[in-house]
Amino acid sequence: MITVNENFLKLQAGYLFPEIGRRLRQFKVENPTADVISMGIGDVTQPLAPAVVSAMKKAVEQMGKIETFRGYDDGGIGYEFLREAINTNDYKARGVNIDNDEIFVSDGSKCDTGNMQEIFGLDNVVAVTDPVYPVYVDTNVMAGRGGVPADKGRYEKIVYLPCTAENNFVPALPDKPVDMIYLCYPNNPTGTVATKEELKKWVDYARENKAVIFFDAAYEAFITDDSIPHSIYEIEGAKEVAIEFRSFSKTAGFTGVRCAFAIVPKELKAYTKEGKAIDVRPLWNRRHCTKFNGVSYITQAGAAAVYSDEGKEQIKKVIDYYLKNAAVIRQCLADLGYHVYGGKNAPYIWLKTPEGVGSWEFFDMLLNKANVVGTPGAGFGAAGEGYFRLTAFATAENVEKAMKRLATLK
Ligand SMILES: *Cc1c(COP(=O)(O)O)cnc(C)c1O
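What counts and what doesn't
- Residues numbered from 1 in each chain as written.
- Predicted model: local features only at pLDDT ≥ 70, side-chain atom pairs only at ≥ 80, totals over all residues.
- Heavy atoms only, no water.
- Salt bridge = Lys/Arg side-chain N within 4 Å of Asp/Glu carboxyl O.
- Helix = DSSP H or I, 4+ residues; strand = E, 2+ residues; numbered from the N terminus.
- Buried < 20%, exposed > 50% of the residue type's maximum accessible area, 1.4 Å probe, protein only.
- Pairing = 2+ DSSP bridges.
- Right-handed = clockwise from strand over helix to strand, strands pointing away.
- Near = heavy atom within 4 Å.
- Polar contact = N/O pair within 3.5 Å; in protein donor to acceptor, adjacent residues only side chain to side chain.
- Areas by Shrake-Rupley, 256 points an atom, 1.4 Å probe, with all protein chains shown as cover.
- Phe/Tyr/Trp six-rings, centres within 6.5 Å; stacked < 30°, edge-to-face > 60°.
- Lys NZ or Arg CZ within 6 Å of the ring centre and 35° of its normal.

## Brief notes about the pattern of salt bridges
Pairing is possible between side chains that carry opposite charge, provided their charged atoms lie close to one another. Taken as a whole and assessed by the stated rule, the structure comprises 22 salt bridges. The partner of Arg207 in a salt bridge is Glu240, and the shortest N-O contact between them spans 3.1 Å. Here the residue Arg207 occupies a position in helix α6 (residues 196–209), and Glu240 occupies one in the loop between β6 (212–216) and β7 (242–247), the gap between them amounting to 33 residues. Judged by relative accessible area, which is 38%, Glu240 ranks as partly exposed. One continuous salt-bridge network, built from bridges that share partners, spans Glu19, Arg22, Arg23 and Asp364.

## Comments concerning the pairing of strand β5 (residues 180–184)
Most of β5 is tucked away, with five of its five residues classed as buried. Side chains of β5 alternate between two faces, with Met180, Tyr182 and Cys184 and Ile181 and Leu183 buried alike. Bridge count between strand β3 (residues 126–130) and β5: three bridges; the pairing is parallel. Bridge pairing in β5 links Val128 to Tyr182. As judged from the five bridges shared by β5 and β6, these two strands associate in the parallel manner. Paired with Tyr182 across the strands is Phe214, a residue of β6. In the classification by handedness, the crossover that spans β5, the intervening α6 and the parallel β6 is right-handed.

## Quick look at the site of the ligand
Taken together, 14 residues sit near the ligand, with Asp216, Tyr219, Ser247, Ser249 and Lys250 positioned nearest. Taking Asn188, its side chain carries an N or O atom lying 2.8 Å from an oxygen atom of the ligand. At 2.6 Å from an oxygen atom of the ligand is found a side-chain nitrogen or oxygen belonging to Ser249. Relative to its unbound accessible area of 390 Å², the ligand is 93% covered by the protein chains. When contributions to the shell around the ligand are tallied by element, the ones reaching two or more residues are α4 (109–115) and α7 (248–252).

## Examining the sheet that holds strand β12 (residues 348–352)
Taken together, the four strands give an open sheet; going across it, the order is β11-β12-β15-β14, and neighbouring strands pair in antiparallel fashion. With partners counted over all chains shown, the strands left at the sheet margins are β11 (340–342) and β14 (375–376), one partner each. Sheet analysis places β11 next to β12, joined by three bridges and oriented antiparallel. Bridge pairing in β12 places Gly342 opposite Ile349.

## Here's the deal with the packing of aromatic side chains
Applying the stated rule across the entire model yields 26 aromatic pairs. Taking 5.0 Å as the distance between ring centres and 20 degrees as the angle between the ring planes, the aromatic pair formed by Tyr136 and Tyr182 counts as stacked. Remark: Tyr182 occurs in strand β5 and Tyr136 occurs in helix α5 (residues 134–143); sequence separation between them is 46 residues. We classify Tyr136 as buried; its relative accessible area is 2%. Over the face of the ring belonging to Tyr271 we find Lys210, whose NZ or CZ atom lies 5.4 Å from the ring centre. One residue, Lys352, lies across the ring of Tyr387, its end atom 4.6 Å from the ring centre.

Below, the structure is given as C-alpha cells:
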C-alpha cells in the first residue's frame, strides 16, 4: 500500500493567494465591467532592462553556434562569470569577503529558502517572525518540523516572533531555545528594515546558541537608507551562522525569467547529535548538485548583465519607479489618517486597518467599494491580523487611480 507523507495533511487551509484569487474571480463574475486594480500579489510589472534583453539575445545566438555553445555549468552551481559578477558587485563592493564557491546560483529564492532546510535535522526548532513569508513555515511543516496544527493557522512546534507596531516590527529574541531562524529584511510583508544593531543581536544569539540564520534579502535592492545593511555578512561573525538568499526577481524583474542565489559560507557549521561540528557548505553543495542541474546559460547571461554599467543604471530607474509609487501610497494613506509602515526601503506598504475592521473584512471592503486588491495581513500570520499589505509594483497610473478611489472611501 502506498502511503502519503502525512506531514502534508497537516498544512493549514490553502495558501493565501489562491483564496484572494477565489474572492477576486467571484467579484468579477458578479461585476464583469469593474476595473479592478491589483496591488496584492508581490509580482513586478515593469519589463526587463534593455541590457538584460540584449545579453539574453546574444546568449541565444551563442548557443546556436558550435564555437560558442555551452552545456552544463560548474555542476549546477552557476557559471563562474556570474558568480564572479555577484561577488564583485554585491559583496566586495560592500566590504564583504566571500569566495565564488560559496555562491550557489539557482532558479529562485522561493526554492532556495524552501529547500535549504533539507540539510538540517528534523529535531531542530524553527523560529519565524509573525507575520511571515509563508514558504518558510510550509516547507518545514512538509518536512515534519511543524508538529500538529494549532489555532490561528499556527503550528505547535514552530516558535513565532510577533512583529507589530508595538515592537516597531522588530522581533524580540525567542524565550526558548531555537535552532533555525528565518529573517527577511527588507521585510515582506511589512516593508520594514533591520538595522545593523538589530541584526547583530541575532548573529550574537545564533553564535551563542549554535543556531543558524536563514537571511532572505530578496528586497535588498530597495534599500535607500545608507545605514541599513544589504547583506547579513556586514555583521561581524555572521559567516559562522548565516545563510543568505538573494534573487533577481524583484531586483531586476526576473519573476518570469528565474534566477537567484544562496550564499553558504565555509565557516558555517552544524552539529551531529553527538556534538561533532560539520561543515554545512559541502552538504548544500551535494544537495544542490544532486537535485538541481543549473540555471540556463541564457538566463545567467541575462543576470550577469544586471551588473554591467548600463544594466545597473537601467535597473536603478525601475527600482526608483517602484519606490516613488511606494512614497505616493504612503503619503496618500497617511493623509487619509491611516497608520502606515514600510515603503521607504521596500516595495511594500503595511497599514493598520481601521479600528474594529479585520484584515479580510478590509480586503472585501476595498475590493467591493474601491475595486482595489491588496493582501490581508492575517494571511501572513496571526500577528498580521488588523494589518493590510499594498504593493508598489503596480503602474504609476494605477497607483494614482487606486489612491483617488481610496480617498473617496473615507
Ligand atoms: C519574491 C520573494 C522572493 C523571491 O522569490 P523567487 O523565487 O526568487 O522569485 C524571496 N523571498 C521573498 C520574501 C519574496 O517576497
